[in-house]
Amino acid sequence: MRRRVGIVGLVVSFLYFVGASAAAAPEGQPMGVGVQKAEFGKTKDGTRVELYTLTNAHGMKAKITTYGGVITELDAPDRDGKMGDVVLGFDNLNSYLAGDPYFGALIGRVANRIAKGHFKLDGKEYAVVKNNGPNALHGGVKGFDKVIWKAEPVEAKGGVALQLSYLSPDGEEGYPGNLTVAVTYTLTDDNTLRIDYKATTDKATPVNLTNHSYFNLGGPGSGDILDEVLTIEADKYTPVDDTMIPTGELKPVKGTPYDFTKPTKIGARIDELKPDPAKDNPGGYDINYVLRMIEEKKVPQLAARVHDPKSGRVMEVYTTEPGLQFYTGNFLDGTLTGKNGVVYKKHQALCLEADHFPDSVNHPDFPSTILEPGKTYTQTTIYKFSAK
Ligand code: GAL
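Residues numbered from 1 in each chain as written. Predicted model: local features only at pLDDT ≥ 70, side-chain atom pairs only at ≥ 80, totals over all residues. Heavy atoms only, no water.

Section: unusual backbone geometry
For the peptide bond that leads from Gly108 to Arg109, omega is 5°, which places it in the cis range. Relative to the assigned elements, Arg109 resides in the loop between strand 6 (105-107) and strand 7 (113-114). One non-glycine residue, Glu173, lies in positive phi territory at about 55°. Relative to the elements of secondary structure, Glu173 occurs in the loop between strand 12 (159-168) and strand 13 (179-188). The class of Glu173 is buried, set by a relative accessible area of 17%. At Asp280, a residue that is not glycine, the phi angle is positive and equals roughly 55°. (Helix = DSSP H or I, 4+ residues; strand = E, 2+ residues; numbered from the N terminus. Buried < 20%, exposed > 50% of the residue type's maximum accessible area, 1.4 Å probe, protein only.)

Structure (structure tokens):
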């Protein structure tokens with residue numbers, strides 16, 4: 001018995017040590033606060049994949065895997081203080097390896113679309129991998145969502161943090177330059193998940209990073225998100241052509257179903273965005289918003305707020321980025337089964353991808369996505385959870 005207590009004690013102190021050393025959790029905090037590491041499986045070529053659990057002082061958790069930097073689970077409190085998962089995803093690596101629509105993943109080197117996978121930079125033509133009809137989408141066939149990231153728990157003020165890093169070699173998916181990327185996920189004690197991105201390059205290259213979490217504030221198994229109430233801090237959006245490439249105009253949202261300047265149920269006008277099977281358009285929201293005050297964005301500013309009247313959960317998105325892609329899970333069609341056997345159907349989640357406008361590299365009028373050698377790319381996006 002004494003021996004068992006001894007072993008349990010050892011394991012507990014080890015876990016506490018990992019947590020405390022990573023997060024510098026103040027004394028007296030509940031057990032489990034910090035960063036814990038577990039195996040998540042192996043890729044087909046035998047590379048080990050890990051799953052890290054970040055736990056803050058209130059018991060809020062974020063699970064992050066080194067495969068694609070994917071957030072597999074994110075627990076946030078409802079109005080009764082009950083924790084519940086608010087993102088779609090899988091509980092095993094094989095389901096991610098089998099292919100999925102970027103659930104929770106880090107997206108790069110260039111998020112969203114590049115028309116015809118083509119751009120010109122410093123007088124040179126580049127062809128990047130096309131993986132979405134005529135266009136390149138979310139970094140190509142093997143984007144940052146499908147690579148293995150190095151992970152290391154790091155110190156964070158007022159919370160716990162995990163830093164992921166990846167070196168994207170020159171020519172990967174057609175992009176120029178060795179790109180060194182670091183992404184830090186910080187779960188703070190005010191129930192905020194903060195994502196800080198940094199990148200440097202040795203040749204000029206477009207860079208546009210984001211996270212592609214699918215949120216459902218009622219929980220992934222609670223049905224669709226059409227009754228969730230959304231506000232977006234944008235008066236304009238970038239209309240697109242039949243292949244989802246911006247026409248170049250910045251159009252006012254006023255008088256259109258894209259107007260979320262006032263809190264509005266997501267389902268209120270979604271039927272006006274009709275499917276068009278001939279154009280592989282499943283209907284629903286899938287559009288980039290031009291966030292207000294883009295010039296002043298040195299610090300993250302409020303971009304959107306979502307409220308789920310049923311659970312009371314509220315999520316606010318703050319970002320340094322000029323754009324926000326709002327997507328209502330239109331391509332989810334019941335063919336994927338996620339955590340706890342839940343089948344993911346159309347509109348069962350929403351994505352709010354903070355980044356630059358689609359196809360910016362071919363639109364000189366849009367804020368630039370070009371990173372030059374000697375400069376550092378940064379972006380910060382914050383998801384803040386509360387309940388009412
Ligand atoms: C979104 C994009 C959609 C779709 C989705 C993944 O970011 O806007 O058109 O490609 O990712 O299924």
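So, empty space enclosed by the protein
Scanning the model with the defined rule gives 3 cavities of 30 Å³ or more in all. Its volume calculated, the largest cavity comes out at about 50 Å³. Lining the largest cavity, in full, are Val110, Ala111, Arg113, Ile114, Pro206, Asn208, Phe357, Pro358, Asp359, Ser360, Val361 and Thr369. Per-class residue counts for the lining of the largest cavity are 7 nonpolar, 3 polar and 2 charged. (1 Å grid on protein atoms, 1.4 Å probe; cavity = no way out; pocket = protein on both sides within 12 Å on 5 of 7 lines; lining within 4 Å. Points joined across faces, edges and corners; volume = space filled by probe spheres on them. Nonpolar A, V, L, I, M, F, W, Y, C, P; charged D, E, K, R; others polar.)

Re the pairing of strand 9 (residues 124-127)
Where strand 8 (residues 118-121) and strand 9 come together, 4 bridges link them in antiparallel fashion. What sits directly across from His118, in strand 9, is Ala127. What sits between strand 8 and strand 9 in their antiparallel hairpin is a turn of 2 residues, with Asp122 showing a positive phi close to 50°. (Pairing = 2+ DSSP bridges.)

Digging into the domain arrangement of the protein chain
Entries for the protein chain in the domain assignment read domain 1 (2-84) and domain 2 (85-387). One C-alpha centre belongs to domain 1, the other to domain 2, and the line joining them spans 26 Å. In this complex, domain 1 contributes 42 residues to the contact, which on the side of domain 2 involves 48 residues. Buried surface at the junction of domain 1 and domain 2, both sides included, amounts to about 3600 Å², of which 65% is carbon and sulfur. Linking domain 1 with domain 2 are 0 salt bridges, by the criterion used here. (Domains from an automatic or database assignment. Contact = heavy atoms within 4.5 Å. Buried area = accessible area lost by both parts, 1.4 Å probe. Salt bridge = Lys/Arg side-chain N within 4 Å of Asp/Glu carboxyl O.)

Notes on the sheet that holds strand 12
Strands sit in the order 11-12-13-14-29-23-22-17-20 across an open sheet of 9 strands; the sheet is antiparallel. Every other strand in the sheet has two partners, leaving strand 11 (150-154) and strand 20 (264-265) as the edge strands with one partner each. When strand 11 meets strand 12, the two strands line up antiparallel, connected through 5 bridges. Within the sheet, the bridge partner assigned to Pro153 lies in strand 12 and is Leu162.

Topic: the sheet that holds strand 21 (residues 286-291)
Overall, antiparallel pairing links the 5 strands, which are arranged 19-18-21-24-27 in an open sheet. This sheet does not close on itself; its edge strands, each paired only once, are strand 19 (251-252) and strand 27 (351-355). Where strand 18 (residues 234-238) and strand 21 come together, 4 bridges link them in antiparallel fashion. Bridge pairing in strand 21 links Thr238 to Asn288.

Observations regarding the site of the ligand
In the vicinity of the ligand, the contacting residues are Pro101, Tyr102, Arg113, Leu137, His138, His212, Tyr214, Asp286, Gln325, Tyr327 and Glu353. Measuring from an oxygen atom of the ligand, one finds a side-chain N or O atom of His212 at 2.9 Å. Among the detected pockets, the ligand sits in the largest pocket. Grouping the amino acids of the shell around the ligand by side-chain chemistry returns 5 nonpolar, 3 polar and 3 charged. (Near = heavy atom within 4 Å. Polar contact = N/O pair within 3.5 Å; in protein donor to acceptor, adjacent residues only side chain to side chain. Sits in = over half its atoms within 2 Å of the grid points.)

Concerning the side chain of Asp75
In this fold, Asp75 is placed in strand 4 (residues 71-77). Look at Asp75: it is buried, it has no salt bridge, and the nearest opposite charge is Lys61 at 5.9 Å. In this structure Asp75 touches Met60, Lys61, Met83, Gly84 and Asp85, once residues within four positions along its chain are discounted. (Lys, Arg positive; Asp, Glu negative; His and termini not counted.)

Re the layout of surface pockets
What the largest pocket holds in volume is close to 840 Å³. In terms of lining, the largest pocket is formed by 36 residues, of which the most central are Arg113, Met244, Asp280, Asp286 and Phe331. At the level of elements, strand 21 and strand 24 (323-327) are the ones that each hand at least two residues to the lining of the largest pocket. Split by residue class, the lining of the largest pocket holds 14 nonpolar, 13 polar and 9 charged.

Some details on the packing of aromatic side chains
Tallied over the entire structure, the rule returns 19 aromatic pairs. Taken together, a centroid distance of 5.2 Å and an interplanar angle of 45° make the contact between Phe215 and Tyr383 tilted. Here Phe215 is found in the loop between strand 16 (210-212) and strand 17 (229-232), whereas its partner Tyr383 is found in strand 29 (residues 377-387), with 168 residues between them in sequence. Both residues of the pair, Phe215 and Tyr383, count as buried. An angle of 70° between the planes, with centres 5.2 Å apart, marks the rings of Phe260 and Tyr285 as edge-to-face. Here Phe260, found in the loop between strand 19 and strand 20, pairs with Tyr285, found in the loop between strand 20 and strand 21; they are 25 residues apart in sequence, far enough to count as distant. The class of Tyr285 is buried, set by a relative accessible area of 0%. An aromatic cluster of at least three residues, connected via ring pairs, comprises Phe40, Phe90, Tyr96, Phe103, Tyr214, Tyr327, Phe331 and Tyr344. (Phe/Tyr/Trp six-rings, centres within 6.5 Å; stacked < 30°, edge-to-face > 60°.)

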